[in-house]
Amino acid sequence: MSGRLLAHEVAHVLQYERVGAARFLLRYLQEYFAGLWRAGKIDAESRMGAYLDISFEREARTAEREFMSWLDAR
């Protein structure tokens, strides 16, 4: 498993612990479906856009970048 993926998934574990299982799942799905609704379609591009716009995913990608920067600086 790459460090990037590990950092991403650890971020999700921390999010899950922070907000609780039910809230995490509910908010994740709400944000995903809201993104699809805003797009007005469910093609592959819209699904990917909705996924990338989920706040938990944005936070996890930030954790990835910060971890990789930390690794590079070592």
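Cut-offs used in this document
- Residues numbered from 1 in each chain as written.
- Predicted model: local features only at pLDDT ≥ 70, side-chain atom pairs only at ≥ 80, totals over all residues.
- Heavy atoms only, no water.
- Core = buried A, V, L, I, M, F, W, Y, C linked by side-chain atoms within 4.5 Å.
- Buried < 20%, exposed > 50% of the residue type's maximum accessible area, 1.4 Å probe, protein only.
- Helix = DSSP H or I, 4+ residues; strand = E, 2+ residues; numbered from the N terminus.
- Contact = heavy atoms within 4.5 Å.
- Expected span 1.5 Å × (residues − 1).

Let's shift gears to the nonpolar core. Residues Phe24, Tyr28, Tyr32, Leu36, Ala50, Ile54 and Phe56 constitute the largest nonpolar core, which totals 7 residues. Per-element tally for this core: the top contributor is helix α2 (residues 21-39), with 4 residues. With residues near it in sequence (within four places) discarded, tyrosine 32 still touches Arg47, Ala50, Tyr51 and Ile54.

Two residues of an α-helix separated by three or four positions point the same way, owing to the 3.6 residues in each turn. The terminal C-alpha atoms of helix α4 (residues 55-73), which comprises 19 residues, lie 27 Å apart, in line with the 27 Å expected from a rise of 1.5 Å per residue. Ser55, Phe56, Glu57, Ala60 and Glu64 are the residues of α4 that are buried. Those residues of α4 that are buried lie in contact with α1 (3-19), α2 and α3 (44-52).

With that settled, the discussion passes to the environment of glycine 35. With respect to the helices and strands, glycine 35 occurs in helix α2. Under the relative-accessibility criterion, glycine 35 is labelled buried at 11%. Taking C-alpha positions, glycine 35 is 7.2 Å from aspartate 53, a pair spaced 18 residues apart along the chain.

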